[in-house]
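Here are the chains, one letter per residue:
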Amino acid sequence: MRSRALLPALLALGAGISISRGQDAAWDLKNYHLYNAWAFLHARLGTDLAPASMQSFFNPLLDLPYFWLGTGPLASAPRILAGFQGLWYGALVYALCRITLRFATQSGRMAHWTDVVAIVIGATGTMTLSQAGMSTNEVPLSLLVLAGYFIAMPLVAMPEGAKLAARAMTAGLVCGLAAGLKPTAVVYAPALGGAVWIATGFSRTGTRAAALIGLGSVAGFLASYAAWGYALWTLTGNPIFPMFNQVFHSPWMPVTSGTDRQFMPRSLTQAVLYPFWWLEKNTTQGGNAFADARYALAMIALVAAGLAAAIARGRLAPSPARRMLFAFLAIGYGLWLALYSILRYAVPIEILTGLAFLASAELVGAAFSAERRRIVSLAMASMLVVVLATTRYTDWGHAPFGRTAFPVQAPVVVPGSLVVILSAPNGYVVPFVRNAEAARFVSLTWFNANGAGYGFSDRVNDAIVKHAGPMYAVLRDTSEPEQAMLRALLPRYRFTSCARIASGIEQTRRRRDLSDNLRLCEIQRERGA
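Residues numbered from 1 in each chain as written. Predicted model: local features only at pLDDT ≥ 70, side-chain atom pairs only at ≥ 80, totals over all residues. Heavy atoms only, no water.

(A) Main features of the overall build of the chain. Within the chain, the secondary structure is distributed over 20 helices and 9 strands. For the chain, the C-alpha radius of gyration of 25 Å lies close to 24 Å, the compact-globule estimate for 529 residues. Across its three principal axes, the chain shows a C-alpha extent of roughly 90 × 45 × 45 Å. Sorting the 529 residues of the chain into buried and exposed places 56% on the buried side. Partitioning the intrachain contacts of the chain with sequence separation of at least 6 by distance along the chain shows that 73% fall at a separation of at least 24. Of the accessible surface of the chain, which amounts to about 21700 Å², a share of 62% is contributed by carbon and sulfur atoms. (Helix = DSSP H or I, 4+ residues; strand = E, 2+ residues; numbered from the N terminus. Rg over C-alpha atoms; globule rule 2.2 N^0.38 Å. Buried < 20%, exposed > 50% of the residue type's maximum accessible area, 1.4 Å probe, protein only. Contact = heavy atoms within 4.5 Å. Areas by Shrake-Rupley, 256 points an atom, 1.4 Å probe, with all protein chains shown as cover.)

This is the structure:
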């Protein structure tokens, strides 16, 4: 794992996996990842009204490289763009290798083949591997989180001093950057600070290190989010709009959290034992069926390690590195469960499950047997067989490669027109509409219905009703509810001059059409409408 060829090899692996899957065509890509980058580059925040629905207000910084490359230098090289996006996965696995090697060193032993097994188990998790090469951004976020963890690992044995302060601040800074880039990573900075504090036995040095991690994470968050948050606050009155509006009370939306609660556990039993629902193929995470035993087995492993430590108290040498790992996973999982329960946000937890198995096996082996290495080897080999045999992967959406990175051809609109995006995920069409920069885009989706009677919905309604120039709609055959919303505003309208939007992204890898007659139509208002 110290070979200079390791990083290039893993980067090539990530690129190869991404290319083998084809064009990213995930729902989120079609909804907001492309639109948000385009909107940021063309300063559309104060012009458009959420063409990508609620997600239009998310920080666009992570989407910029992919969009810029795909519409610029790599516009005619879709496979190279896919390979570039897969580099994040290779770098993430490399970070896992470095953490595993440092863990072995901190545990006072040489690296062993069981460390490789731990890496393979973590790197092949359903949420980790399935998002390799995707634009969901969870993999680059996880890379930042693991980088922060790696930087923080020596803190559990460092004396008080300037080096400790610099390392703690840097670790927090990296995790804070991740949280600012996308709130799905916000749980990991407090998990890291808490893990260091617990690993040092709540010592004064550990308390200072944890506090500095917190301070660094605030600085990192502000560095990656402050400008965007200020723009949202100026526009809506909520710096993280529409999230946590029960705190900020933006007049644009009701006083609600704005978070997606559909994946939360349905009962106390499910909350406590949620990972066991994932042992068999299931749809607890929406329509994406998967199965993954890693989480349940990690929970069992941590409980077994706790029992072994209690039984063998006084006979085992303390291991701050192991305590840090267990505490990070436990705190991170608890915060993730309470705030999101969306499994694809849990990549930093999932990718460390193999190392958790190894640490638990070493602890149990040391507590109950003189043949520690044999027990660890048997346990890790068995764990590898079980997880690889029972894992069932989901696919978030891929299409065959086209001639361009984003094979979308949309009709032209008249400058000064208003384009109504009916339903999601249609926001990705906006950057490819000809004359888009000279038009204004608004949406009618579930987000408007949830905010009926509040500022955002009122602004959209006024824009539609009062617009005097040409008006268009982007819609599908499945957009009937949104058409009813439009009819409530314009009782006597009809669609004319409908033109198909040709999109290579609207298909499966087997070329099954998913477009639902995606089209752009002119909205004709009859006199008096």
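Continuing now.
(B) Molecular detail of the pairing of strand S6 (residues 471-475). Counting buried positions along S6 gives 5 out of 5 residues, so the element sits mostly inside the fold. Taken together, the 4 bridges between strand S4 (residues 418-422) and S6 define a ladder with parallel strand orientation. Residue pairing across strands places Val-420 opposite Ala-473, the latter belonging to S6. (Pairing = 2+ DSSP bridges.)

(C) Structural detail: the state of the cysteines. In the structure shown here, the tally under the stated rule is 1 disulfide. With a sulfur-sulfur separation of 2.0 Å, Cys-498 is cross-linked through a disulfide to Cys-521. Note on the Cys-498 and Cys-521 pair: the S-S dihedral is about 115 degrees, so by sign convention the disulfide is right-handed. Within this pair, whereas Cys-498 is found in strand S7 (residues 493-500), its partner Cys-521 is found in strand S9 (residues 519-525), the two being separated by 23 residues in sequence. Cys-97 carries a free sulfur, and the closest cysteine sulfur to it, the one in Cys-175, is 19 Å from it. (Disulfide = S-S within 2.5 Å.)

(D) Looking closely at the side chain of Thr-128. In this fold, Thr-128 is placed in helix H6 (residues 126-130). Looking at Thr-128, its side chain comes within polar contact range of the side chain of Glu-350, at 2.6 Å. Discounting chain neighbours no more than four positions away, the residues touching Thr-128 are Tyr-89, Leu-92, Gly-122, Ala-123, Val-139, Val-347, Glu-350 and Ile-351. (Polar contact = N/O pair within 3.5 Å; in protein donor to acceptor, adjacent residues only side chain to side chain.)

(E) Expanded view of the pattern of salt bridges. Following the criterion strictly, the structure yields 10 salt bridges and no others. Note that Lys-182 and Glu-138 form a salt bridge whose closest N and O atoms lie 2.6 Å from each other. One end of the pair, Lys-182, is in the loop between helix H8 (162-181) and helix H9 (188-199); the other, Glu-138, is in helix H7 (residues 138-152), and 44 residues separate them in sequence. With relative accessibility at 9%, the residue Lys-182 sits in the buried group. Its relative accessible area of 3% is what places Glu-138 among the buried residues. Asp-292 is paired through a salt bridge with Arg-294; the nearest N and O atoms lie 2.9 Å apart. Since its relative accessible area comes to 0%, Asp-292 is described here as buried. Connected through shared salt-bridge partners, Lys-30, Arg-476 and Glu-506 make up one network. (Salt bridge = Lys/Arg side-chain N within 4 Å of Asp/Glu carboxyl O.)

(F) Region of the structure containing a nonpolar patch on the surface. On the surface, a cluster of nonpolar side chains totalling about 620 Å² of accessible area is made up of Leu-268, Val-272, Leu-273, Phe-276, Trp-277, Leu-279 and Ile-300. Residue contributions to the nonpolar patch peak at 3 residues, all from helix H12 (residues 268-273). Summarising the element assignment, Leu-273 is placed in helix H12. (Patch = residues over 30% accessible without salt bridge, like charges linked within 9 Å, V, L, I, M, F, W, Y side chains within 5 Å.)

(G) Region of the structure containing the packing of aromatic side chains. Summed over the entire model, instances satisfying the criterion amount to 24 aromatic pairs. Ring centres of Phe-57 and Phe-241 lie 4.8 Å apart, and the angle between their planes is 90 degrees; on these two criteria the pair is classed as edge-to-face. Of this pair, Phe-57 sits in the loop between helix H2 (27-41) and helix H3 (64-71) while Phe-241 sits in the loop between helix H10 (204-236) and helix H11 (245-248), placing them 184 residues apart in sequence. Residue classification places Phe-241 among the buried residues on the basis of a relative accessible area of 1%. Taken together, the ring pairs connect Phe-57, Phe-241, Trp-252, Trp-446, Phe-447 and Phe-456 into an aromatic cluster. Directly above the ring of Phe-150 sits Arg-102, whose terminal nitrogen or CZ lies 3.8 Å from the centroid. Above the face of the Trp-396 ring, Arg-344 is positioned so that its terminal group lies 5.7 Å from the ring centre. (Phe/Tyr/Trp six-rings, centres within 6.5 Å; stacked < 30°, edge-to-face > 60°. Lys NZ or Arg CZ within 6 Å of the ring centre and 35° of its normal.)

All quantities given are derived from atomic positions and should not be read as evidence of function.
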